[in-house]
Amino acid sequence: MRDLLIAPFELGFMQRALVISLIVGALGGIVGTYVILRRIAFFADTLTHTVFPGVAIAFVLDGSLYLGALVAGLVSAVLFALMSRRQALDDDAFMAIMLTTFFGLGVVVVSRITTYTNDLVVLLFGRVLTVSRNDIVATVALGGVALLIVAVAHKELTLRAFDPEGSTAQGYRPVLLDLCLNIAVTLVVVASLKAVGTVLVIALLVTPAATAKLVTGSVRSMLIVSATVGMFAGVVGLLISYHASLDHGVSLAAGPTIVTVLTATFVIVVTGVAVVRRSRQTIELVA
Amino acid sequence: MVALTSVIASIIDSFGAIWDSDILRRALLEAAVVGAIGGVIGIHISLRKLSFTTMALTHATFPGVVLAAILGVNLLAGSAVFGLLLVLALAVLGRVRELDTSTTTGVLLAGGFALGVLLLSAQDGFAKDLTSFLVGSILTTTNSELVATVVGGGVIAVVLAVFSKELLYSAFDPVGAQAQGFSLGGLDLMVLLALEATLVLTIPSVGTLLSVALLVGPATIARLWTDQIRLARYIAPVIGAVFAMAGIVISHAADTAAGATIAVTIGVGFAVSLGITSTPVRKLLGQSHRDPRPVRIFTNR
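Computed from a predicted model, the values in this text were never measured in an experiment.

Draft legend 1. Seen up close, the overall build of chain A. Check the secondary structure of chain A and you find 14 helices and 0 strands. Over its C-alpha trace chain A gives a radius of gyration of 20 Å, about what one expects of a compact globule, namely 19 Å for 287 residues. Structurally, chain A occupies a C-alpha span of about 60 × 50 × 30 Å along its principal axes. Across the 287 residues that make up chain A, the buried fraction comes to 53%. A sequence separation of at least 24 residues applies to 76% of the contacts in chain A between residues at least 6 apart.

This is the structure we're talking about:
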């Protein structure tokens, strides 16, 4: 048991990987709760792609990847909050075009460097095992701001999610509230850059909260369960990836393993809920 | 005036140079064909608000491609099977009360993609394969791939044309269509299958990113310019083909990744169209339409 659960984390790089996985798991779970309640999973997915040109330009100029991602993310968050006011435009199509254009721009920038495939993959999928102390500091700082935003605007964001008309009627500006959430999501995406990369962070934002929504009845409990699921998958995913690579000779990348654990958790919970519901129906019918 | 003619001359020159090269000519033709098919099916994607589903389909078919490569079976078959699994999973999860369509789509997209990356990470040549899946390798299009795209795309276009009246009717007036005895689920399924068939054809040569760009972009641009679907149906394939070829020419001149350049070209075209059609010009091109409904079999209310 000790070999299975404790021994891996005696290594320095595994400790750092554990810390950052726990942080981004909780962050994704908490901010993701608002994403699911507002039903903006596609927007979250778009953001994970639109930060990419910022990362790519920072990479080429040898600047801070976090800064590049943050700038590109904030630009798209503002752009989207403004565009969603235009009634004639289909949000879905607009996001898809924004996603492919920004992402394409990132690839164009990176492709100017001759051997780009390896770099591209690191940028897209992160390297949780090479996380440094500075990365953890950056993640904590960015994530802290994101948590602060949703904590301050919690009541207003919840109202807007459940009763958009009521929220507007009470005088809250929808664009401002949307912008708050957009920025919080951007910060989480940027904070998770090193741990899971830009492409897989969508799983952290969507899957834990979707799982939590199935088994909870209030926003508060959904937040707690969602954060717990995110952290749980981080630890279990890291352990599976470690043991598979070291003990069984199958090199499983840590980031995708974490996401696969998340998906498996979702599938188990959704099946469980369906089974419980069916048996309850049967009991009611019999009684 | 002189500057303009010299610019046009240089574009014609570079077009000629591309046409002379076997590889580039094939890439140009493939781009034009995929762009045109994208425009044809894109109208239905746009009317039924299936952009996110398209995105999810491209990601969820990824593990199928990887598995097929590992097992040594046909890649198209692998991605087709996983595409069907996704459609099935969306339909099943649509019945869970707590989950709305965008949530289930997001979960399946992320989960499917991660599974593909996970399978791939256990293989050698991880980085290279993954990049070509994402951004495609349109420059390595073979003659047989080109033929497959033309034939497959032709079949899809014919099927959509034959049922176009029913598909458009049910998109705009689902209640009326149902009252007249059309099966809404059947028509939705037809669009989804056509969508999946298109993606299965295009992803190997142009990648996921460009597939989404070509399926969503041209139709959305066309619908910015006109509210009449009749017109948009013919404009969209033309826009798709022209922008795709323009992207190839630009990427050749600027020495950038071809697929990504096409995606950016479409994005710029969209931004410019959005700017122009926000002005009174739009009013010359037709009146406003009613909002179409989203796809029905996935929704739970």
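Draft legend 2. Structural context of the overall build of chain B. On a plain count of helices and strands, chain B comes out with 13 helices and 0 strands. Going residue by residue from the N terminus, the α and β elements of chain B occur as α-α-α-α-α-α-α-α-α-α-α-α-α. When burial is assessed residue by residue, chain B has 51% of its 301 residues classed as buried. Sequence-distant contacts in chain B: of pairs separated by 6 or more residues, those separated by 24 or more amount to 76%.

Draft legend 3. Spotlight on the interface of chain B and chain A. If you look at the interface, chain B gives 43 residues, while chain A gives 44 residues. Secondary-structure elements contributing two or more residues to the side of chain B that touches chain A are α3 (51-60), α6 (101-121), α7 (126-135), α11 (184-225) and α13 (258-277) of chain B. Sorting elements by how many residues they give to the side of chain B that touches chain A places α6(B) first, with 13 residues. A breakdown of the residues in the side of chain B that touches chain A according to their chemical character gives 25 nonpolar, 14 polar and 4 charged.

Draft legend 4. Quick look at the environment of P164(A). Secondary-structure assignment places P164(A) in helix α10 (residues 164-169). Expressed as a C-alpha distance, the spacing of P164(A) and R16(A), which sit 148 residues apart in the sequence, is 41 Å.

Draft legend 5. A look at the nonpolar core. V31(A), V35(A) and V206(A) are the most contacted members of the largest nonpolar core, which totals 186 residues. If you tally residues by element for this core, the top one is α11(B), at 23 residues. In contact with V35(A), other than residues within four places in its own chain, are I40(A), A41(A), A44(A), V185(A), L205(A), V206(A) and A209(A).

Draft legend 6. Inspection of the confidence of the model for chain B at higher detail. Looking at chain B, the pLDDT average stands at 81 and 86% of residues meet or exceed 70. Overall fold confidence (pTM) sits at 0.84, and the ipTM for the predicted complex is 0.87.

Draft legend 7. Seen up close, the packing of helix α3 (residues 41-50) of chain A against α6(B). Between α3(A) and α6(B), the least distance of the axes is 8 Å, while the angle of their chain directions is 35°. Residues A41(A), F42(A) and D45(A) of α3(A) form the contact with α6(B), whose participating residues are S102(B), T103(B), T105(B), G106(B) and L109(B). Looking at side-chain class alone, the contact of α3(A) with α6(B) contains 3 nonpolar, 4 polar and 1 charged residues.

Draft legend 8. Focus on the packing of α11(B) against α13(B). Residue and element names in this part refer to chain B. It is at 9 Å that the axes of α11 and α13 come closest, and there the two elements cross at 20°. In terms of orientation, α11 and α13 fall into the roughly parallel class. Pair α11 / α13 crosses with left-handed handedness. Between α11 and α13, the contacting residues are V206, G207, L209, L210, A213, G217, T220, I221, L224 and W225 on the first element and G259, A260, I262, A263, I266, G269, F270, S273, L274 and T277 on the second. Residue composition of the contact of α11 with α13, by class: 13 nonpolar, 7 polar and no charged.

Draft legend 9. Spotlight on helix α5 (residues 65-83) of chain A. Residue and element names in this part refer to chain A. A rise of 1.5 Å per residue sets the reference length of α5, with its 19 residues, at 27 Å; its end C-alpha atoms lie 27 Å apart and thus fit the reference within 8%. Of all the positions in α5, only L65, Y66, G68, A69, L70, A72, G73, S76, A77, F80 and A81 are classed as buried. Packed against the buried residues of α5 are α3, α4 (52-61), α6 (91-111), α8 (133-152), α11 (174-191) and α12 (193-215).

Draft legend 10. Examining the confidence of the model for chain A more closely. Overall, the prediction assigns chain A a mean pLDDT of 84, with 93% of residues at 70 or greater. Mean pLDDT across the elements of chain A bottoms out in helix α7 (residues 117-125) of chain A (65) and peaks in helix α13 (residues 219-247) of chain A (90).

Draft legend 11. Layout of unusual backbone geometry. Positive phi, close to 60°, is recorded for R39(A), a residue that is not glycine. Inspection of the secondary structure puts R39(A) in the loop between α2 (12-38) and α3. Even without being a glycine, K49(B) presents a positive backbone phi close to 50°. Tracing the chain through its elements places K49(B) in the loop between α2 (22-47) and α3.

Draft legend 12. Inspection of the environment of I18(B) at higher detail. Residue and element names in this part refer to chain B. Take I18: it is sitting in helix α1 (residues 2-20). For I18, a count of 18 C-beta atoms within 10 Å corresponds to the partly exposed category. Residues I18 and A56, spaced 38 residues apart in sequence, show a C-alpha to C-alpha distance of 34 Å. Excluding residues within four positions of it along the chain, I18 makes contact with L24, R25, L28, I248, V249 and H252.

Draft legend 13. Geometry of α2(B). Residues and elements named next belong to chain B. Between the first and last C-alpha of α2 there are 38 Å, a value that for 26 residues agrees with the 38 Å anticipated at 1.5 Å per step. Along α2, the helix axis deviates most sharply at I41, where the bend reaches about 35°. Looking one or two residues past α2, K49 carries a phi angle of roughly 50°, positive in sign.

Draft legend 14. Local environment of the environment of A254(A). Residue and element names in this part refer to chain A. Within the secondary structure, A254 is located in helix α14 (residues 254-286). Using a count of 27 C-beta atoms within 10 Å as the deciding quantity, one classes A254 as buried. Along the backbone, A254 and L27 are 227 residues apart, and their C-alpha atoms lie at a distance of 18 Å. The contact partners of A254, leaving out residues within four places of it in the chain, are A17, V128, L129, G237, L238 and S241.

Definitions and cut-offs
- Residues numbered from 1 in each chain as written.
- Chains lettered and ligands numbered in written order.
- Predicted model: local features only at pLDDT ≥ 70, side-chain atom pairs only at ≥ 80, totals over all residues.
- Helix = DSSP H or I, 4+ residues; strand = E, 2+ residues; numbered from the N terminus.
- Rg over C-alpha atoms; globule rule 2.2 N^0.38 Å.
- Buried ≥ 20, exposed ≤ 12 C-beta atoms within 10 Å, placed from the backbone.
- Contact = placed C-beta atoms within 7 Å.
- Nonpolar A, V, L, I, M, F, W, Y, C, P; charged D, E, K, R; others polar.
- Core = buried A, V, L, I, M, F, W, Y, C linked by C-beta atoms within 7 Å.
- pLDDT = per-residue confidence, 0-100.
- Axes fitted to C-alpha atoms, helices over the stretch in contact; angles between N-to-C directions.
- Parallel < 35°, antiparallel > 145°, perpendicular 65-115°, else oblique.
- Left-handed = near helix turned anticlockwise from the far one by under 90°.
- Expected span 1.5 Å × (residues − 1).
- Bend = angle between axes of the 7 residues up to and from the residue.

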